[in-house]
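Chain by chain, the residues:
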Amino acid sequence: SGQMTSDVKYVLVTGGAGYIGSHTVVELIQEGYVPVVLDNCCNSTKGKDQRSLKRIKLITGKNVIFYEYDLLDKEKLESVFQKYNFFAVIHFAGLKSVTESIEKPMEYYEVNLGVTINLIECMKEYNVTKVVFSSSATVYGPPQKLPVDEDHRVGKGLTNPYGKTKFFIEEIFRDLAKAEDGWHIALLRYFNPVGSHVSGLIGEDPQGIPNNLMPYVSQVAIGRLPFLNVFGNDYDTHDGTGVRDFIHVVDLAKGHTAALKKMDSIDGCKAINLGTGTGYSVLEAVVALEKASGKKVPYKFGPRRPGDLGDVHANPNLAGKFLEWRAVKSLDDMCTDLWKWQTMNPQGYEITP
Ligand code: NAD
Ligand code: WQD
């Protein structure tokens, strides 16, 4: 592509205006990389996602190179590969609502698989061989053994199209790495990301009623929602409610820059858990947010949510050994930072400045 060779390490960040992507863009900048964000801003009211990029400038002092493109538009995607000689790609872009995927499976298969196939074809054409993919603990299905480690079987007992897209994309990357030499592919399996940058300037801004626990609890605490429905208190856990491996989104973001430093040591494809190794129950998480906010969070016990599991938490040792990375922030840190975001942005990213 006749690119100027330079020592600038451009990193393509697909979906980089989103929750985890924006936190990772901050860490990339602070580690000296130059992120190039491609995001169609579909998961927010038009233009709101650019707010996250403007906030990144407030945090880092740097403008973020941004293209509001849909990765399903291969021509647009290719035009960016023509422009930059990418050191690597971090691939966040995709649809991620479990409940929505059950209602609209074809949209999830078209988008999540479609954007990935376009991306891989462009990477092949422009000889970009390093990619970090946003996978999810959901690929494990109901764990047979706890804590879950990376050689646990995947793809069995998946209860929703969203989770299946994660598994199918992992399979695409595994088959690609089997068929062709020279690929360096990290499949980072996130457990339950929570919280916000310590500044409170960027955070999770779910559209409509949050599906995930902690944004929901935070909106109850600030008075946007009346009470929390606890989905089941008859699980085989210490207090009967679900147990999850909550991980601070900034620890998660740092796991990505740690992975970038190790890509040459990945010959082919490697799955790595990004979790803390500690599980907390729904009720423990509620108490932690009440402590951080000083607010009461009323809740009611209701029936289990279909497809939910009892206890899921990671064995994080491979990340510790291979990435030389560990989560260091506590549940209290997650709740303190989440609450700061929520109080500074009671309605999320406002469209008006
Ligand atoms: P998010 O919705 O905030 O970020 C995804 C971004 O991708 C959004 O900004 C959206 O606009 C963009 N996008 C979607 N379709 C696109 C397309 N066709 N072209 C360009 N951009 C597109 O979600 P998130 O929580 O930041 O998750 C990021 C990734 O991590 C997703 O792949 C998600 O499945 C995965 N993940 C998230 C969690 C979690 O609990 N948040 C857990 C495991 C895995
Ligand atoms: C956590 C716990 C619920 C909401 C999902 C996806 C996973 C990833 C993270 C995308 C469970 C309970 C929740 C509520 C509740 N997303 N809960 N009341 O289900 O572990 O994982 O989100 O990649 O792929 O599967 O996260 O936050 O939805 O639920 O009681 O209003 O909180 O039953 O025990 P989950 P969650």
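So, here is what we can say about the structure in this document.

Cut-offs used in this document
Residues numbered from 1 in each chain as written. Chains lettered and ligands numbered in written order. Predicted model: local features only at pLDDT ≥ 70, side-chain atom pairs only at ≥ 80, totals over all residues. Heavy atoms only, no water. Pairing = 2+ DSSP bridges. Helix = DSSP H or I, 4+ residues; strand = E, 2+ residues; numbered from the N terminus. Core = buried A, V, L, I, M, F, W, Y, C linked by side-chain atoms within 4.5 Å. Buried < 20%, exposed > 50% of the residue type's maximum accessible area, 1.4 Å probe, protein only. Contact = heavy atoms within 4.5 Å. Axes fitted to C-alpha atoms, helices over the stretch in contact; angles between N-to-C directions. Salt bridge = Lys/Arg side-chain N within 4 Å of Asp/Glu carboxyl O. Near = heavy atom within 4 Å. Polar contact = N/O pair within 3.5 Å; in protein donor to acceptor, adjacent residues only side chain to side chain. Areas by Shrake-Rupley, 256 points an atom, 1.4 Å probe, with all protein chains shown as cover.

### Concerning the sheet that holds strand S9 (residues 243-244)
- Sheet architecture is open: three strands sit in the order S12-S9-S14, paired in mixed fashion. The open sheet has two free edges, formed respectively by strand S12 (280-281) and strand S14 (311-312), since each of these has just one partner strand.
- Two elements, S9 and S12, share two bridges in a ladder whose sense is antiparallel. Bridge pairing in S12 links arginine 244 to tyrosine 280.

### Brief notes about the nonpolar core
- Met214, Leu260, Leu289 and Leu323 are the most contacted members of the largest nonpolar core, which has 63 residues in total.
- In contact with leucine 289, other than residues within four places in its own chain, are Met214, Val217, Ser218, Ala221, Val297, Cys335, Leu338 and Trp339.
- Counting residues in each nonpolar core, the second largest holds 35 residues, with Tyr69, Phe81, Tyr108 and Val131 among its members.

### Looking at the environment of valine 250
- Topologically, valine 250 is positioned in helix H8 (residues 249-261).
- For the pair formed by valine 250 and asparagine 43, sequence separation is 207 residues and the distance between their alpha carbons is 21 Å.
- In this structure, valine 250 is in contact with His23, Glu27, Ser196, His197 and Lys329, ignoring residues within four places of it in sequence.

### Considering the sheet that holds strand S2 (residues 34-38)
- The strand order across the open sheet built from seven strands is S3-S2-S1-S4-S5-S6-S11, with neighbouring strands paired in parallel fashion. Because the sheet does not close on itself, it has two edges, and the strands there are strand S3 (65-67) and strand S11 (268-274). Pairwise comparison of adjacent strand axes, ignoring direction, gives a mean angle of 20° for this sheet.
- Across three bridges, the pairing between strand S4 (residues 86-91) and strand S5 (residues 130-136) is parallel. By the bridge assignment for S5, isoleucine 90 is matched with valine 132.
- Most of the contacts of helix H6 (residues 161-179) go to S5, to which it runs at about 150°, and overall it touches S5, strand S6 (184-190) and S11.

### Description of the pattern of salt bridges
- With the rule as written, the count across this model stands at 19 salt bridges.
- Between lysine 261 and glutamate 31 there is a salt bridge, and its shortest N-O distance comes to 2.8 Å. A residue pair is termed long-range when its members are at least 10 positions apart, and lysine 261 in helix H8 and glutamate 31 in the loop between helix H1 (19-30) and S2 qualify at 230 residues.
- One network of salt bridges, with partners in common, ties together Glu170, Glu171, Arg174 and Arg189.

### Quick notes on the site of ligand 1
- Looking at ligand 1, there are 27 residues lining it, with Tyr19, Ile20, Asp39, Asn43 and Tyr162 nearest.
- Here lysine 96 contributes a side-chain N or O atom positioned 2.9 Å from an oxygen atom of ligand 1.
- One of the side-chain nitrogen or oxygen atoms of tyrosine 162 is found 2.7 Å away from an oxygen atom of ligand 1.
- Compared with its free state, where it exposes 810 Å², ligand 1 has 95% of that area covered by protein.
- For the shell around ligand 1, the secondary structure elements donating two or more residues are H1, S5 and H6.

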